Amino acid sequence: IGSGGEAMEQMMKEGIIGAVFDYALGEISDELFAGLRASGPERLTVAGQLGIPQVICPGGTEHLGLLVPPNEVPEQYRSHKYTFHTPIILAPRLKGDEMVRVAKEITSRLSHTKDRAFFIMPTKGVSRYSAEGMELEESESDEAFFNEIRSSLPANFELIERPTHAEDPAFVKEAVDLLVSLIEDG
């Protein structure tokens, strides 16, 4: 995440990475809302431009990672649901309009993709924080995000929706199997 995503993009350019299961799109959320995991403007574009097989999961898009004084919530996020990842890392939940903004940015960046790819969407939580019964669960914001993805995902992406959360082992295995299928078909 953050610098790791940028490093991954650079390794794709250098031919070190030849296929990608991109699972950390919280970097896009943090870029739009000045969070710690922020990535650069090239994030989520390189694999598509290079024709590298890719499977995309919107992991961690529903929350930000913010550096704060210990256990303090900035005024602008007090009306949001939130949790603390650590005493100095606040994870505020994005609201519906903010989630739509993230979805639009994701699909815009994916428009660079030339070849067939998969977008696998866990409809019961894009991270452990928003899984059923967890502190950042919020179905209305999730649905706004999912609807925007559904309506604006580039046509060369196959959208796969699963009624589970992003960290379910069966979900992760399916995503890996999809990537393997793209590599074998390539």
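Refer to the structure presented above.
The numbers attached to residues start from 1 for each chain and follow its sequence in the written order. Only residues with pLDDT of at least 70 get local features here, since the model is predicted, and only at 80 or more are side-chain atom pairs given and counted; chain-wide, interface and lining totals rely on the full set of residues. Hydrogens and water molecules were not included; the side-chain quantities draw on all heavy atoms of the structure.

Participant: How would you summarise the sheet that holds strand S5 (residues 89–92) if you had to cite specific residues and measurements?
Facilitator: For two strands to be treated as a pair, DSSP must find no fewer than two bridges joining them. Going along the chain from the N terminus, every DSSP run of H or I of four or more residues is numbered as a helix, and every run of E of two or more is numbered as a strand. With antiparallel pairing, 3 strands are arranged side by side in an open sheet as S3-S5-S4. Each edge of the open sheet is held by one strand with a lone partner, namely strand S3 (66–67) and strand S4 (82–86). Note: S3 against S5, 2 bridges, orientation antiparallel. Within the sheet, the bridge partner assigned to Leu-67 lies in S5 and is Ile-89.

Participant: Tell me about helix H5 (residues 139–152), and please be specific about residues and values.
Facilitator: Given 3.6 residues per helical turn, the α-helix brings residues three or four places apart onto the same face. The span one expects for a helix is its residue count, reduced by one, times 1.5 Å. The end-to-end C-alpha distance of H5, which contains 14 residues, comes to 20 Å, matching closely the 20 Å that a straight helix rising 1.5 Å per residue would cover. Those residues of H5 hidden inside the fold are in contact with helix H4 (96–110), strand S6 (117–122) and strand S7 (157–162). The contact criterion used throughout is that any non-hydrogen atoms of two residues lie within 4.5 Å.

Participant: Can you break down H4 residue by residue, with the values?
Facilitator: Its 15 residues place the ends of H4 21 Å apart at the C-alpha level, agreeing with the 21 Å of an ideal helix rising 1.5 Å per residue. Three labels apply to residues, based on accessible area from a 1.4 Å probe with only protein chains included: buried if under 20% of the type maximum, exposed if over 50%, partly exposed otherwise in between. Buried within H4 we find Glu-98, Met-99, Val-102, Ala-103, Ile-106, Thr-107, Arg-109 and Leu-110. Here the buried face of H4 lies against helix H2 (26–32), strand S2 (54–56), S6, H5 and S7.

Participant: Tell me about the sheet that holds S2, and name the residues and values.
Facilitator: Strands belonging to one sheet form pairs held by backbone hydrogen bonds; the direction of such a pair is parallel or antiparallel. In spatial order, the strands read S1-S2-S6-S7; together these 4 strands make up an open sheet with parallel pairing. What marks the edges here is a single partner per strand, and that holds for strand S1 (20–22) and S7. Averaged over neighbouring strand pairs, the angle between their axes works out to 20° when direction is ignored. The pairing of S1 with S2 spans 3 bridges and is classified as parallel. Note on S2: the bridge partner recorded for Asp-22 is Ile-56. Interaxial angles span 0 to 180 degrees and are taken between N-to-C directions of axes, which are lines fitted to C-alpha atoms, for helices over the stretch in contact. Contacts between H5 and the sheet are confined to S6 and S7, with S6 contributing the most and set at about 160° to the helix.

Participant: Summarise the pairing of S7; cite the residues concerned and give the values.
Facilitator: Looking down a regular strand, the side chains alternate between one sheet face and the other. Two strands pair when backbone bridges link them, and S6 and S7 are joined in this way by 6 bridges, in the parallel orientation. Note on S7: the bridge partner recorded for Met-121 is Glu-161.

Participant: I'd like a description of the side chain of Thr-61, backed by residues and values.
Facilitator: Structurally, the position occupied by Thr-61 is in the loop between S2 and S3. Here a polar contact is taken to be a pair of N or O atoms separated by no more than 3.5 Å, where protein atoms must pair a possible hydrogen donor with a possible acceptor and residues adjacent in sequence count only if both atoms sit in side chains. Looking at Thr-61, its side chain comes within polar contact range of the main-chain oxygen of Pro-58, at 3.0 Å. When sequence neighbours within four positions are dropped, the list of residues in contact with Thr-61 reads Leu-25, Gly-26, Ser-29, Leu-94, Met-99, Val-102, Ile-106, Val-126 and Phe-145.

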